[in-house]
Every structure is written in C-alpha cells, then in structure tokens.
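# Architecture at a glance
As a plain string of letters, each chain reads:
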Amino acid sequence: MIKQRICIVGDGLSGLMTAVILSKVSGLEVNLIAKKCIKNADKRTTAISDTNYKFITQNIKSFGKKLFWPSKKIKLFYETSKENINFLNLNEANSNLMYVFENDKIKKVLLKEISKNKIKLIRKDLKNLDELKNYDLIILCIGGQSNIYNSITKIRSIRKDYKEIAITGYVKHNFKKLDTSQFFLKEGPLAILPFSKNYFSFVWSVKKYFFENNSKKIKTLVKNKLAENLKNKQDITINNIQSYPISLSLRRQYHQKNVLILGEGLHTIHPVAGQGFNLVLRDIKKLEEIIRYYVCLGISIKNSYALNDFYNNRKPENTIMSLGVDATHSFFKQNKYLDPFKEIIVKNIKNNETLKKFSKIISNRGLSL
Ligand SMILES: Cc1cc2nc3c(=O)[nH]c(=O)nc-3n(C[C@H](O)[C@H](O)[C@H](O)COP(=O)(O)OP(=O)(O)OC[C@H]3O[C@@H](n4cnc5c(N)ncnc54)[C@H](O)[C@@H]3O)c2cc1C
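Now for a description of the structure that goes with this document. Predicted model only: the values in this text are computed from it and were never measured.

## Concerning the nonpolar core
With 62 residues, the main nonpolar core has Met 17, Phe 63, Phe 68, Ile 139 and Leu 140 as its most contacted residues. Of all the elements, helix H6 (residues 276–296) adds the most residues to this core, at 9 residues. One finds Ile 74, Phe 87, Tyr 170 and Phe 332 within the second-largest nonpolar core, a separate group that totals 31 residues.

## Comments concerning the side chain of His 270
Tracing the backbone through its elements, the reader meets His 270 in the loop between strand S17 (267–268) and H6. Here Val 272 takes part through its backbone nitrogen, which lies 3.0 Å from a polar atom of the side chain of His 270.

## Here's the deal with the sheet that holds strand S15 (residues 255–256)
As summarised here, the arrangement of the 6 strands in space is S8-S2-S1-S9-S16-S15, forming an open sheet in which the pairing is mixed. The strands lining the two open edges of the sheet, one partner per strand, are strand S8 (120–123) and S15. Note that strand S1 (residues 4–9) and strand S2 (residues 28–34) share 6 bridges and pair parallel. Paired with Ile 8 across the two strands is Leu 32, which belongs to S2. Where helix H1 (residues 13–23) meets the sheet, it contacts S1, S2 and strand S9 (137–140), and its direction lies at approximately 165° from that of S2.

## A short note on the sheet that holds strand S6 (residues 84–91)
Across the sheet, 8 strands lie side by side as S6-S5-S11-S12-S13-S10-S14-S17; this open sheet has mixed pairing. The open sheet has two edge strands with one neighbour each: S6 and S17.

## Describing the side chain of His 173
Relative to the elements of secondary structure, His 173 occurs in the loop between strand S10 (158–172) and strand S11 (180–184). A polar contact of 3.0 Å, which involves the side chain of His 173, links it to the backbone nitrogen of Phe 175. If sequence neighbours within four positions are ignored, His 173 has contacts with Leu 178, Lys 197, Asn 198, Tyr 199, Phe 200 and Ile 236.

## A closer look at the site of the ligand
In the region of the ligand, 28 residues are neighbours, and Asp 11, Ser 14, Leu 126, Glu 264 and Phe 277 sit closest. Within the side chain of Asp 11, one N or O atom sits 2.8 Å away from an oxygen atom of the ligand. Taken by itself the ligand offers 1,000 Å² of open surface, and the protein chains cover 86% of this. Sorting the residues of the shell around the ligand by element identifies H1, strand S3 (45–49), S10 and H6 as the ones contributing at least two each. The biggest single contributor to the shell around the ligand is H6, with 3 residues. Of the residues contributing to the shell around the ligand, the split by class is 11 nonpolar, 11 polar and 6 charged.

## Thoughts on the packing of aromatic side chains
The description of two aromatic rings rests on the distance between their centres and on the angle between their planes. As enumerated under the stated definition, the model contains 18 aromatic pairs in all. Centre to centre, the rings of Phe 63 and Phe 68 are 5.7 Å apart; their planes meet at 80°, and the pair counts as edge-to-face. On the basis of relative accessibility, which here comes to 4%, the residue Phe 68 falls in the buried class. Consider the rings of Phe 101 and Phe 277, whose centres lie 6.4 Å apart with planes at 80°: the pair is edge-to-face. With Phe 101 in strand S7 (residues 98–102) and Phe 277 in helix H6, this pair connects stretches of sequence that are 176 residues apart. The residues Phe 101 and Phe 277 share a single accessibility class, namely buried. Following the ring pairs from residue to residue traces out a cluster consisting of Tyr 53, Phe 63, Phe 68, Tyr 99, Phe 101 and Phe 277. Stacked on the ring of Tyr 135, the Lys or Arg Arg 5 has its end atom at 4.5 Å from the ring centre. The ring of Tyr 244 has Arg 44 lying over it, and the distance from NZ or CZ to the ring centre is 4.2 Å.

## Describing the environment of Lys 342
Looking at the element boundaries, Lys 342 is found in helix H8 (residues 339–349). Residue Lys 342 is classed as buried on the basis of its relative accessible area of 5%. Lys 342 sits 10 residues away from Phe 332 along the chain, and the two C-alpha atoms are 8.1 Å apart. Each residue touching Lys 342, except ones within four places of it in the same chain, is listed here: Tyr 78, Phe 331, Phe 332, Lys 333, Gln 334 and Asn 335.

## As for the pattern of salt bridges
Counting across every chain of the model gives 29 salt bridges. Here Asp 125 makes a salt bridge to Lys 127, at a shortest N to O gap of 3.3 Å. What makes Asp 125 partly exposed here is its relative accessible area of 38%. For Lys 127, a relative accessible area of 61% gives the class exposed. Residue Lys 347 is joined to Glu 343 by a salt bridge in which the shortest nitrogen-to-oxygen separation is 3.7 Å. Taken together, the positions of Lys 347 and Glu 343, both in helix H8 and 4 residues apart, correspond to about one turn of that helix. The exposure class of Glu 343 is buried, given its relative accessible area of 16%. Residues participating in the shared-partner salt-bridge network are Lys 82, Glu 83, Glu 343 and Lys 347.

## Details of the environment of Asn 174
With respect to the secondary-structure elements, Asn 174 resides in the loop between S10 and S11. The exposure class of Asn 174 is exposed, given its relative accessible area of 55%. Distance in space between the C-alpha atoms of Asn 174 and Gln 234 is 7.7 Å, their sequence separation being 60 residues. Setting aside anything within four residues of it in sequence, one finds Asn 174 in contact with Asn 198 and Gln 234.

Cut-offs used in this document
Every chain's residues receive numbers from 1 upward, in the order its sequence appears when written. Restriction of local features to residues with pLDDT of at least 70 applies here, the model being predicted, together with a cutoff of 80 or more for giving and counting side-chain atom pairs; totals for whole chains, interfaces and linings are based on all residues. As a rule here, side-chain values cover all heavy atoms of the structure and leave hydrogens and water aside. What we call a nonpolar core is a set of buried Ala, Val, Leu, Ile, Met, Phe, Trp, Tyr and Cys residues that are connected through their side-chain atoms within 4.5 Å. Only protein chains enter the accessibility calculation, which uses a 1.4 Å probe; a residue is then buried when its area is under 20% of its type maximum, exposed when over 50%, and partly exposed in between. Note on conventions: DSSP H or I runs of at least 4 residues are helices, E runs of at least 2 residues are strands, and numbering of each starts at the N terminus. Here a polar contact means two N or O atoms within 3.5 Å. Within protein one must be a hydrogen donor candidate and the other an acceptor candidate, and residues neighboring in sequence count only if both atoms are side-chain atoms. Two strands pair if DSSP finds at least two bridges between them. Contacts are residue-level and defined by heavy atoms, with any inter-residue pair within 4.5 Å sufficient. For helices, the axis comes from a line fit to the C-alpha atoms of the stretch in contact; other axes are also lines fit to C-alpha atoms, and the angle between any two N-to-C directions lies between 0 and 180 degrees. Note on terminology: near, applied to a residue and a molecule or strand, indicates that one of the residue's heavy atoms is within 4 Å of it. Each accessible area value is a Shrake-Rupley result obtained with a 1.4 Å probe; residue values ignore everything except the protein chains displayed when judging cover. Under the scheme applied, nonpolar residues are Ala, Val, Leu, Ile, Met, Phe, Trp, Tyr, Cys and Pro; charged residues are Asp, Glu, Lys and Arg; polar residues are all the others, including Gly. Between rings of Phe, Tyr and Trp, where Trp is taken as its six-membered ring, a pair exists when centres lie within 6.5 Å; planes separated by under 30 degrees are stacked, by over 60 edge-to-face, and by other angles tilted. Only lysine NZ and arginine CZ atoms are considered, and such an atom sits over a ring when it is within 6 Å of the ring centre and within 35 degrees of the ring normal. The salt bridge criterion pairs a side-chain nitrogen of Lys or Arg with a carboxyl oxygen of Asp or Glu, the two atoms within 4 Å.

In structure tokens:
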C-alpha cells in the first residue's frame, strides 16, 4: 500500500504532539519541518485536564508519571479593597482535576519519540507553501503570527489585543502545603501551579503599561505579590522569568484545499483559564480519529472531506470555549462601577453546587458532555 504523506510544520507543543500522535496511524508517512535554532527554551508550565492527560499518556507510553504533577484541588480568590474572597474551591476526591507539566521536558520526550517513530525531521524555516507540493496533507502548527496564513485564508478572524503581558516564572519554595490557585487581583489574574514538591510556576497577566513601567523590578514585585497572596513570608527563589503578549485570535476558516491550520494559529486565547493547549489536544484527538477513518477506508485524504469534517466537529467548541474564556477575563477585569456588584455575585458563587459541577465538567471535557 502506498503511504499517504503528511507534513507538519512547527515544533511547538502542537506540532510535536500532532506529529507523534499521527505517526501511530498505519498507512501514513509523517514529516516534520522545524526551524533550525531555538534561542529561548520554553520555560513555562502547562495545565491540562484529566481527560487530556489520559489521551496523551495512553497514546505516548514514554510519558512517565513523573512528568506530570496532579492536582485534586483548585482554589479561586477575588481581590476586593478589603479582602481576598475565596469564592470557589473545586475538589475531586477520587480523581485528579488537572496535571501540570514543564513545557521543555515534554518537548524533549516528544523529540525523542519523533526519532524513535521514524518521523523525518527537516530543519528549515518554511517560507512558502509551494515547497510542500508533494504532500497529501499539510498541517501548519506555526504559532499565532505568521505571514504564511495569508496565502491560505483571506477571511478575517476574530481578533482582540488585550494590551496585556503574561509574566511567567518558576518558584522554589519550602512551604508545607500549597494548592493550585487563581487570584483575580486588581492588576490582573495570577495563577499558581505547583509542578513538583518544592516548585510552583506562576502566570501573572498584567497591563502592558504596568509591565513596562515596572520591567526593572519585576522579580521583586512578583515576590511581594506572591508573599502577600499566599500569606507566606518564607523565602522563595524566582527563576526563568519570561513574558508573553496576550491576544485573542479565532480563525473563521480552518483550511484551504489540503492545508490545515492547527494550534495557536487556529485559536490564541487568554491564559487566564489555562485552556489554550487543552483545546489543541481535543483538536488533535478529533483529527487523528478522522484521518484514521479515511486511511482505513483507503480514501486519499487530499481528495476527501476529512478537513471539512474536522472543521464541522471542532469549530463550535473552539469558538464557544474561547469566547467563554474572554468573557471570564472581562468579568474579573477591574471596573470601579461594576466591582461592588461583582463582589455580591462572587460571594454567592461559593454556595452554588451546580455551578461547581458544571465548571469541573467543562474544564475537563470541554463541550463534549
Ligand atoms: C503564558 C501562557 C500560559 C499558558 N498556559 C496554558 C495552560 O496552563 N494550559 C493550556 O492548556 N494552555 C496554556 N497556554 C497555551 C499553550 O501554551 C499553547 O496552546 C501551546 O504552547 C501550543 O502552542 P503552539 O505549538 O500552537 O504554538 P507555538 O508555541 O508558538 O509554536 C510554533 C512553532 O512553530 C515554529 N515556526 C513558526 N514559523 C515557522 C516556519 N515558517 N517554519 C518552521 N517553523 C516555524 C516556531 O519556531 C515554533 O516552534 C498558555 C499560553 C501562554 C502564553
């Protein structure tokens, strides 16, 4: 049987994960194109849901348990002028709510899988889609910003510049106990994600002007903010501080002929709910199912409805979830007129068991209820 040839472009989490998952479908030859040098290692962590954790660990056996730090509890706080209201605690007695991994470690394992699974890795900076004419399917995982997308879709996507920066970093600590938490602070949301016994990572999304005005003293600022909110004065060490501009970008068109956009290029969302890569993983799962189906039937992907099927399956959830995250971000944004009302709403959320249940299901499985 002649193998169908798939080319994946980009070695971020989306590209590497897609390449490894698709390489397990028999009847496919998978190639990966990635840029030559990586200047800055991705020193972030990513939180994924229990369902997505199961999807990747069942498919990629070399993902050892040690790479993922489980969490059974998530605490949410809302800062008012008087106090930090602990307005929601999500708990799961018999399973984990989420798992946190270090991006660079997961990428390393995926790169090993690439060579183990005989995926041809071509090191180059793709300039033009004409270079990829001989493939049956091309999957672009080249991040949120690339001129290459202009040759695929002219249809406007939904775009919003939050004019915010996500400050990320790793913290070494000796605290006895630390829960995964999200603090909705006046300056912007601050997430605390433990990823080993003595380390947690943080993501603090702040206004661009706040970041620029404080860029020389960010470490001290973060240190004080963490001590204040975690109510712990023990000394901590902060490393690997990085910053990422935040935007919302939702593609209306997902593909053109046999070229598909995937990952951040399809949907870039605010990191406040830690949902970006969770959506990508659900996209990859569905794409794998669809491709496997067509390949099993001996149908050429190039001439099939595979990418239409993918679009019809994934567009509704991607749009609703992304706009839901945007609405969450807007709700918690400081607003002197609305803040007193928000305080009342937030205080009432605590007792709403249905809402708690709903939030857990949505963040775990998305809209595939
Ligand atoms: C601060 C922050 C925190 C986050 N936290 C979470 C979280 O907790 N949970 C969650 O689910 N999601 C989270 N996300 C989202 C998550 O990080 C992304 O969804 C994920 O990293 C996937 O990115 P990507 O691979 O699609 O794009 P990128 O990481 O941007 O990768 C694109 C790759 O394409 C390559 N490339 C670009 N152009 C070319 C070219 N022409 N030729 C060859 N290669 C090219 C680049 O070199 C790069 O390697 C977070 C995002 C941010 C910003």
